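Coordinate analysis (summary)
This is what each chain is made of:
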Amino acid sequence: MSVPHKVGSVKSKQVSSFVMQDEEEGLDTAEGEEWMQGKTLVKPPDQLDLTEAELNEEITRVLKASNPNAPQNVVRYSFKEGCYKPIVFVDQMAIHFELEGNLVHKDSDEGRRLMAKQAEVDDGGGDERPDNVAIKAGKREQKLTNQFNFNERASQTLNNAPRDISCQTEPPPRANFSATANQWEIYDFYVEELQRREKSKEKHEGQFLNKEEDKSKKKMIQAETQNDDISQLAKVVKIIERMVNQNIFDDVAQDFMYFEDASDEFRGEKGTLLPLWTFQYDKAKSLSVTALCWNHKYNDLFAVGLGSHEFTQQGGGMLLFYTLKNPSYPEFIFNTASGVMCLDIHEHLSYLVAVGLYDGCVAVYNLKKKTDQPIYNSRASSGKHTSAVMQVKWQKDDLDSNHNFISVSADGRVVSWTLVKHELVFTDIIKLPVIDTIPDDLNDVIPTVGTSLDFHKQKDYSFLVGTEHGKIHKGSKYYSSKFLEKYDAHFMNVTRVRWNPFHPDVFISCGWDWMVKIWDQTMKSPVFTFELKTSVTDVAWAPYSSTVFAAVTTDGKVHVFDLNINKYEALCQQKVVSKKTKLFNIEFNPVHPIIIVGDDRGHVTSLKLSPNLRKKPKEKKGQDLPKGPEVEIAKMEQLLSSLR
Amino acid sequence: MAETGDGKKEDADYKRLQSFPLIRHTDMPEEMRVEAMELCVTACEKFASNNESAAKMIKESMDKKFGSSWHVVIGEGFGFEVSHEVRNLLYMFFGGSLAVCVWKCS
């Protein structure tokens, strides 16, 4: 097909054919082979099939500088001419690509503005922060310092001068050690070890049974240590208790030690008894004091036996030990099955206490032991008294150095008890003679009630027994069939008979017939007789003087006599307990000038003797002291001789 | 034959009986002692043929645990005299014929 072309395009045709020829030539030259391989004619399906002639036909193409897309027939309305006119000159520019640049001329407005901004940013880093807002507000164009708030000030603290300090610790201690490691050494050591292990195994097996015991022992020991702790505390508590008591009864303690009644000088012969402490125990309220005894070793300790004198009111009994250091609570408390009637503390072994009970038992308590059971009790023994034991007295140890004591009871027997190992062995000493009024065949049935017993201080085989019928019998331990002497002392019950501590022949007795009688054992009739208006329940000699004694009566009075001063009258008759309280016992303290009296309320009152009552006649100074007992004896003798 | 057999058995017994680790002398505190002993036993069992490696292992472990610097000697026949820091010495036997001495001295 021939396409109509514009003239002047021969060159272009040639160019186009030339291009085509180039293509073909290109195929043959340079990279011909590769192209040759890939040159298989691939016809697109919509290609025009042209004949060769048509293919050889040369067609001219023309390139123009006009935009083929630009409209060629743009028409504009012309207002001047009033009609549409074609615009000849159409814009032929075709924009293929557009890119806006970001470069600004530096002299333009925007350029200058930008430059100013840049400068601002560079300077802005050095300003103070707090004023930044103000600064920024005020420094759009220029850096202004805020004169009101902004102040720059710098200072430098003092830097301490650097110092060098060095320290050297002690190096860990070193020791030297040396040994040799040989085969035989090793072997020996192993053998030893094995032997040791075998031994320990055997021990273990043997001790397996013991282990449990050990454990229990350990527990015991632990418990004991715990107990020990408590008991150690108990010691401390005891001391504190005593201190507290001393503080409470401070005035009493002062009186006890130092007070001497000055008014005695004005009273002539008379003396007074100053009440000191009162000892009472709550649980003993219903019981009455039946026996008192001072401890010889510890002069502030005394024993109180509690029971009942009434036949109809028998209950339990108590044995209490008080000390003057602690008046508010007893040191030792023992409960007995029946009322305590009498007690005695061993002279040398002050922890042994013999007690006679209303039911006829005798018991021995050991204060050292913690138990509150007697170590000996005559309950089971055959020689037990069948009736109340009225008096017990310790004796010297017998030939086998066994302790022994003697008791007299309402069944009329005087029995000696020996502490052999774990039991009491009795020996009848003597039987009290039956009074004449009882027919002979009833001799064994109706006994003579022995009420009091006392042993001679020096000749301790000689003793006195007082009876219910008012007789006093003097006997000897060596004569078991008969009494040596009989004194018709009182009309009624003899409540107490006591030897004089100094004079070997003198003894005193008292009874319910209101009488106190002093006897010389060689004479049948009393040397002195005193009537005290009521039943006399107890009488005691003073340990410091052979002529002083005190008696207590059922009207609550204590009578103190000093025969050396006044042979007929008491130096002191003082009521020491409240109304209707009977006094039953009196004892002098062996060392201190105090006496204790027991009443039927279970109270024990301690009283201090005023100086008048304790007078020792001083004949010549320097002569008195060494001759104490002899002077006493002489004194007594003087008195007696005047009456014989 | 039987006797030698018995002899061998006895030896074996001895070996069995005596191969437990046995401390000959030490002044270490309880924990350190136990740990060191365990360590030695482990090391000796691991390097039964090579004393040097066993010693090396023990020394390094002790250094790490208890601080430097430790010294270890393992052998069957030797004598020694050493200065050691107090409460840092262990001298023990192991395996019936092996002796191990471990001490610290910086």
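Residues numbered from 1 in each chain as written. Chains lettered and ligands numbered in written order. Predicted model: local features only at pLDDT ≥ 70, side-chain atom pairs only at ≥ 80, totals over all residues. Heavy atoms only, no water.

1. Comments concerning the confidence of the model for chain B
Residue and element names in this part refer to chain B. Per-chain confidence: chain B averages 85 in pLDDT, with 83% of residues scoring 70 or above. Per-element confidence in chain B ranges from a low mean pLDDT of 53 for helix 1 (residues 2–18) to a high of 94 for strand 2 (residues 70–75). Among the scores for the predicted complex, ipTM is 0.82 and pTM is 0.54. (pLDDT = per-residue confidence, 0-100. Helix = DSSP H or I, 4+ residues; strand = E, 2+ residues; numbered from the N terminus.)

2. Some remarks on the interface of chain A and chain B
Contacts between the two partners involve 21 residues from chain A, matched on the other side by 32 residues from chain B. Of the roughly 2400 Å² buried at the junction of chain A and chain B (both faces included), carbon and sulfur atoms supply 60%. Between the two partners, chain A and chain B, sit one salt bridge. A salt bridge links E185 of chain A to R24 of chain B, with the shortest nitrogen-to-oxygen separation between them at 4.0 Å. At the boundary of chain A with chain B, the tally comes to 14 residue pairs in polar contact (both at pLDDT 80 or more). Among the secondary structure elements, those contributing two or more residues to the side of chain A that touches chain B are strand 3 (174–181) and helix 6 (183–248) of chain A. (Contact = heavy atoms within 4.5 Å. Buried area = accessible area lost by both parts, 1.4 Å probe. Salt bridge = Lys/Arg side-chain N within 4 Å of Asp/Glu carboxyl O. Polar contact = N/O pair within 3.5 Å; in protein donor to acceptor, adjacent residues only side chain to side chain.)

3. Some remarks on the pattern of salt bridges
For the structure shown, the criterion picks out 21 salt bridges over all chains. By sharing partners, the salt bridges in this structure join E192, E193, R196 and R197 of chain A into a single network.

4. Re the packing of helix 2 (residues 30–46) of chain B against helix 3 (residues 51–66) of chain B
How two helices pack is summed up by the angle between their axes together with the distance between the axes. Residue and element names in this part refer to chain B. Look at helix 2 against helix 3: their axes get within 9 Å of each other, and the N-to-C directions meet at 150°. As judged from the angle between their axes, helix 2 and helix 3 are roughly antiparallel. When you trace helix 2 past helix 3, the crossing you get is right-handed. Seen from helix 2, the contacting residues are M32, E35, A36, L39, C40, T42, A43, C44 and K46; seen from helix 3, they are A54, M57, I58, S61, M62, K65 and F66. (Axes fitted to C-alpha atoms, helices over the stretch in contact; angles between N-to-C directions. Parallel < 35°, antiparallel > 145°, perpendicular 65-115°, else oblique. Left-handed = near helix turned anticlockwise from the far one by under 90°.)

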